[in-house]
Amino acid sequence: MDKLKKFSPVIVAILMALIPTPAGLTPEGWYFLSIFVGVVVGLIIEPVPAALVGLFGVAVVAVLGLIDPSAKVSRNWMLSGFSNGVIWLIFAAFMFALGYQKTGLGRRISLLLIKYLGKNTLGLGYAVAIADGILAPFMPSNTARSAGTIYPVVSNIPPMFNSTPDNAPRKIGCYLTWVGIAATCVTSSMFVTALAPNLLAVNLIEKGIGYSIGWGEWASVMVPAMLPLFVLTPWLAYIVYAPTQKQSPEAPAWAAEELKKMGSISTKELMMLGYAFMALIFWVFGKQIGVNGTVAAVFVLTLMVLTKIISWEDVLTNKGAWNVFVWFATLVAMASGLKKAGILAWLGDQVSVYLQGMPEGSVAVLLVVLFFALHYFFASTTAHTTALLPLFLAIATPLVSPAMLPKIALMLAGSLGVMGIITPYATGPSPIWYGSGFISQARWWALGAIFGAIYLGVMVGVTILYI
């Protein structure tokens with residue numbers, strides 16, 4: 001069984017390649033699509049690390065010359081993702097997350113919020129959500145943000161009230177667990193830099209339709225859209241999945257004690273805070289002052305190393321950052337190959353024929369709903385983005401006006417964060433929060449359906465208003 005799982009992506013690709021080439025595609029295009037589907041299968045089941053799946057995919061395509069018979073052109077295509085600015089932005093932002101963790105600033109922010117908001121359980125829920133919201137613009141890994149920074153702090157609270165997975169989980173543990181994952185899904189949609197697949201989506205949109213979504217444009221649409229949902233989420237969880245423990249005086253006392261152990265805020269924490277705001281200013285106003293967002297991120301990263309917020313050794317040994325760098329670089333190349341091989345145009349023609357004659361608004365809503373719902377079949381937001389976003393853009397292109405297309409693209413990309421709520425495997429931090437044991441799988445799916453419907457409803461409403 002293990003061997004079958006390990007080789008299943010290759011088996012899928014070979015079996016698909018053996019099917020006669022459909023009309024409208026070249027044999028090279030069909031073989032490329034077969035390999036692409038095999039890569040997506042590999043990203044979903046991960047028989048080997050995801051980065052290796054992508055690297056193997058681009059290497060096979062280049063060896064077979066499916067993009068171009070020229071060896072030099074094939075080489076350049078294979079390596080194109082590694083020179084992509086967005087990929088370097090993601091890498092640099094991962095280092096920001098490391099800076100938060102090494103300086104202790106992320107933990108201090110979480111503890112301060114618990115100290116001042118955690119006198120009752122609802123306040124604790126808001127402390128968890130606000131901590132995530134504060135860190136979100138600077139941490140594109142919601143796993144590092146939610147699971148790596150906030151979860152270790154929150155996990156100390158339920159035992160204070162004798163609430164464990166085996167004893168009175170509904171007392172407080174279940175509520176904090178659900179708020180933890182629900183809040184990070186909302187914040188992941190608020191900012192383009194709050195979720196790595198958001199940045200990947202922006203790059204795929206630019207390559208697919210030639211439109212670049214800036215940090216400020218994303219925030220100007222998604223922050224107002226998500227802010228009411230962000231404010232309501234802890235309260236909704238309090239109503240839908242109410243904790244039996246309503247007061248929590250022990251939590252602020254514990255947070256105060258932990259802050260006392262940390263001591264007064266350090267110089268490095270203050271410097272990290274300053275660097276974070278420097279990066280944010282560049283991202284928001286970069287176009288006006290003539291500084292590219294990626295250049296700004298790498299510049300701030302070098303300052304962090306030079307001032308010893310993190311060390312060069314930290315940069316070299318950050319396996320998570322380098323893994324994502326290779327992973328996303330290869331996926332960007334694979335996604336660009338879909339267009340170069342004529343696959344996107346062919347797929348778009350096959351599907352869009354069924355939507356001909358529909359009003360643009362209806363097309364937009366239908367695509368957003370389908371894009372969201374199909375995430376039930378993906379255990380990775382990155383795999384979802386790579387596999388479906390270029391296809392949905394190709395479907396929309398002949399059906400809507402050129403002015404409408406970028407708006408639909410933003411709505412599709414903006415939904416990537418909130419769709420993480422639907423299953424225990426839908427986004428990076430989900431397995432960590434689910435693994436705490438407070439919420440059963442059946443209960444998680446039920447809550448995911450409820451909150452997923454609410455979050456999707458908000459996305460549909462925003463789509464109708466925005467277009």
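1. Observations concerning the overall build of the protein chain
Each helix and strand counted, the protein chain has 22 helices and zero strands in total. For a compact globule of 467 residues, the expected C-alpha radius of gyration is about 23 Å, and the protein chain comes in at 23 Å, within 12% of that figure. Projected onto its principal axes, the C-alpha positions of the protein chain cover 70 × 50 × 50 Å. Residues counted as buried form 55% of the 467 residues belonging to the protein chain. The long-range fraction of contacts in the protein chain, counting pairs at least 24 apart against all pairs at least 6 apart in sequence, stands at 79%. Surface exposure of the protein chain reaches about 18,700 Å², of which carbon and sulfur atoms provide 68%.

2. Quick look at the environment of Leu112
Mapping Leu112 onto the fold places it in helix α6 (residues 105-117). When its relative accessible area of 35% is taken as the criterion, Leu112 is described as partly exposed. Along the sequence, Leu112 and Ala131 sit 19 residues apart, while their C-alpha atoms lie 9.2 Å from each other.

3. A word on unusual backbone geometry
Residues apart from glycine generally show negative phi values, whereas peptide bonds are mostly found in trans. Positive phi, close to 55 degrees, is recorded for Asn162, a residue that is not glycine. Within the fold, Asn162 resides in the loop between α8 (142-154) and α9 (173-190). What makes Asn162 partly exposed here is its relative accessible area of 48%. Positioned with a positive phi, Ala168 is a non-glycine residue whose angle comes to about 50 degrees. Mapped onto the fold, Ala168 is located in the loop between α8 and α9.

4. Let's talk about the pattern of salt bridges
On inspection of all chains with the given rule, the structure shows five salt bridges. Measuring nitrogen to oxygen at the nearest pair gives 2.6 Å for the salt bridge that ties Arg107 to Glu258. Within this pair, whereas Arg107 is found in helix α6, its partner Glu258 is found in helix α12 (residues 250-262), the two being separated by 151 residues in sequence. With a relative accessible area of 14%, Glu258 lands in the buried category. As a salt-bridge pair, Lys261 and Glu258 come within 3.3 Å of each other at their nearest N and O atoms. Note that Lys261 and Glu258 are positioned in helix α12 at a spacing of three residues, about one turn of the helix. Accessibility expressed as a relative area gives 61% for Lys261, which makes it exposed. Each of the salt bridges in this network shares a partner with another, and the network as a whole consists of Arg107, Glu258 and Lys261.

5. Remarks on the packing of aromatic side chains
The relative placement of two aromatic rings is captured by the distance of their centres and the angle of their planes. Taken as a whole and assessed by the stated rule, the structure comprises 18 aromatic pairs. Residues Tyr151 and Trp433 carry aromatic rings whose centres are separated by 5.0 Å and whose planes lie at 85 degrees to one another, so their mutual orientation is edge-to-face. One end of the pair, Tyr151, is in helix α8; the other, Trp433, is in helix α21 (residues 430-435), and 282 residues separate them in sequence. On the accessibility criterion, Tyr151 (21% relative accessible area) is partly exposed. Given a relative accessible area of 1%, Trp433 falls into the buried group. Arranged with centres 5.3 Å apart and planes meeting at 65 degrees, the rings of Phe371 and Phe392 form a pair that is edge-to-face. In this pair, Phe371 sits in helix α18 (residues 360-373) while Phe392 sits in helix α19 (residues 381-396), placing the two residues 21 residues apart along the sequence. For Phe392, a relative accessible area of 5% corresponds to the buried category. Here the aromatic cluster, defined as three or more aromatic residues joined through ring pairs, consists of Phe82, Trp88, Phe91, Trp322 and Phe325. Taking NZ or CZ as reference, Lys407 lies 5.8 Å from the ring centre of Tyr466, over its face.

Quick notes on the rules
Residues numbered from 1 in each chain as written. Predicted model: local features only at pLDDT ≥ 70, side-chain atom pairs only at ≥ 80, totals over all residues. Heavy atoms only, no water. Helix = DSSP H or I, 4+ residues; strand = E, 2+ residues; numbered from the N terminus. Rg over C-alpha atoms; globule rule 2.2 N^0.38 Å. Buried < 20%, exposed > 50% of the residue type's maximum accessible area, 1.4 Å probe, protein only. Contact = heavy atoms within 4.5 Å. Areas by Shrake-Rupley, 256 points an atom, 1.4 Å probe, with all protein chains shown as cover. Salt bridge = Lys/Arg side-chain N within 4 Å of Asp/Glu carboxyl O. Phe/Tyr/Trp six-rings, centres within 6.5 Å; stacked < 30°, edge-to-face > 60°. Lys NZ or Arg CZ within 6 Å of the ring centre and 35° of its normal.

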